[in-house]
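Fold and contact review
Spelled out, the chains give:
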Amino acid sequence: MRCASRARPRTNDATVKERLVECATELLATRPQESVTVRAVATAAETSTAAVYSLFGDKEGLIAAVRDRAVAGLFQALTAVPTSEDPLAGIYALAAAYRRWGREHSHLYSVLFGGVQSFKPSGAVGAGDPVRPLIAAIDRAVTESVLDGEATAIAVSLWVTLHGLVTLELAGALGAPTAEAAFRSTILATLRGWTAPAVFRSLRHDEPDF
């Protein structure tokens, strides 16, 4: 494990805090949450259990710090996506950014969506919630009569599709060409399923250029 390759650091500074979050992230990405003990994380980070309690209060505080980092990273990636004049192109770009973040941060993705913490797109959307940019884009598409449905239901449908694709890709179940083709065709099919009738008719005959 990469996080266990340094000399034992001090117990309560920013470097140790970063190290503990990094090691907890790696452990949580590959083990059941209940098996990731304070001692296991401290050992991986080559520090003491006292450091965990001093810096995070307890194990749950450490896990919360890992999840907060994942949430912040995904939120930042999605909010960095430029707004498109075409509502569907904007949603597709957000889906692509989600997939890209998952591929580039597989450990954090596993912590956020791999069962360690639950994700509730139907719950209240906070200011830093990673689903907020998607909800905003879908709201816009509904307002402009491009999509037909309730925004949260559409977001859940799209997230279920995205999560399945990214999870299979990270697990190595899809080769690169297959993953690329599956992403485009499946996301477009999901969007078509929620489009207003007039938009759906046009999309049946013309491949979108995004």
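Every value quoted in this text rests on a predicted model; they were computed, and no experiment measured them.

Quick word on the overall build of the protein chain
Looking only at helices and strands, one finds ten helices and zero strands in the protein chain. Shown N-terminal to C-terminal, the secondary structure of the protein chain runs as helices and strands in the order α-α-α-α-α-α-α-α-α-α. Burial statistics for the protein chain: of 210 residues in total, 41% are counted as buried. Long-range contacts, defined here as pairs at least 24 residues apart, represent 68% of the contacts in the protein chain between residues at least 6 apart.

A short note on the packing of aromatic side chains
The description of an aromatic ring pair uses the distance of the two centres, along with the angle that the planes make with each other. A full pass over the atoms with the stated rule returns five aromatic pairs. Seen in terms of ring centroids, Tyr98 and Tyr109 are 5.8 Å apart; in terms of plane orientation they differ by 85°. Their pairing is edge-to-face. One end of the pair, Tyr98, is in helix H5 (residues 87-104); the other, Tyr109, is in helix H6 (residues 106-113), with eleven residues separating them in the sequence. Classification of Tyr98 by relative accessible area gives buried; the value is 6%.

Points about the layout of surface pockets
A volume near 210 Å³ is recorded for the largest pocket. Along its surface, the largest pocket is lined by 14 residues, and Val81, Thr83, Leu94, Pro133 and Ala137 are the ones closest to its centre. Secondary-structure elements contributing two or more residues to the lining of the largest pocket are helix H4 (59-79), H5 and helix H7 (132-143). By residue class, the composition of the lining of the largest pocket is nine nonpolar, four polar and one charged.

Observations concerning the nonpolar core
With 41 residues, the main nonpolar core has Ile91, Tyr98, Leu134, Ile138 and Ile187 as its most contacted residues. Elements that contribute at least two residues to this core include exactly H4, H5, H6, H7, helix H8 (151-170), helix H9 (176-194) and helix H10 (197-205). Listed in part, the 22 residues of the second largest apolar core include Val16, Val41, Ala44 and Ile63.

Observations concerning H7
Taking 1.5 Å of rise per residue, twelve residues should cover 16 Å, and H7 covers 16 Å from first to last C-alpha, within 8% of that figure. Within H7, burial applies to Pro133, Leu134, Ile135, Ala137, Ile138 and Ala141. Taken together, the buried residues of H7 touch H4, H5 and H8. Immediately downstream of H7, the backbone of Ser145 shows phi near 60°, a positive value.

Structural notes on the confidence of the model for the protein chain
With 87% of its residues at a pLDDT of 70 or more, the protein chain shows a mean pLDDT of 85. Per-residue pLDDT stays below 50 along residues 121-127; that stretch engages in twelve contacts with residues further than four places along the chain or on separate chains.

Observations concerning empty space enclosed by the protein
Leftover empty space is mapped by rolling, across the atoms, a probe with the size of a water molecule. Throughout the structure, instances matching the rule amount to four cavities of 30 Å³ or more. Of the volumes computed, that of the largest cavity is approximately 100 Å³. Along its surface, the largest cavity is lined by twelve residues, and Leu78, Tyr98, Pro130, Val131 and Leu134 are the ones closest to its centre. When contributions to the lining of the largest cavity are tallied by element, the ones reaching two or more residues are H4, H5 and H8. For the lining of the largest cavity, the leading source of residues is H5, giving three residues. Grouping the constituent residues of the lining of the largest cavity by class yields twelve nonpolar, no polar and no charged.

With respect to the packing of helix H1 (residues 14-30) against H6
Their axes nearest at 8 Å, the elements H1 and H6 cross at an angle of 65°. In the packing of H1 onto H6, the handedness of the crossing is left-handed. Counting all contacts with H1, which are made through Thr25, Glu26, Leu28 and Ala29, the residues of H6 involved are His107, Leu108, Ser110 and Val111. Looking at side-chain class alone, the contact of H1 with H6 contains four nonpolar, three polar and one charged residues.

Reading the values: rules and limits
- Residues numbered from 1 in each chain as written.
- Predicted model: local features only at pLDDT ≥ 70, side-chain atom pairs only at ≥ 80, totals over all residues.
- Heavy atoms only, no water.
- Helix = DSSP H or I, 4+ residues; strand = E, 2+ residues; numbered from the N terminus.
- Buried < 20%, exposed > 50% of the residue type's maximum accessible area, 1.4 Å probe, protein only.
- Contact = heavy atoms within 4.5 Å.
- Phe/Tyr/Trp six-rings, centres within 6.5 Å; stacked < 30°, edge-to-face > 60°.
- 1 Å grid on protein atoms, 1.4 Å probe; cavity = no way out; pocket = protein on both sides within 12 Å on 5 of 7 lines; lining within 4 Å.
- Points joined across faces, edges and corners; volume = space filled by probe spheres on them.
- Nonpolar A, V, L, I, M, F, W, Y, C, P; charged D, E, K, R; others polar.
- Core = buried A, V, L, I, M, F, W, Y, C linked by side-chain atoms within 4.5 Å.
- Expected span 1.5 Å × (residues − 1).
- pLDDT = per-residue confidence, 0-100.
- Axes fitted to C-alpha atoms, helices over the stretch in contact; angles between N-to-C directions.
- Left-handed = near helix turned anticlockwise from the far one by under 90°.

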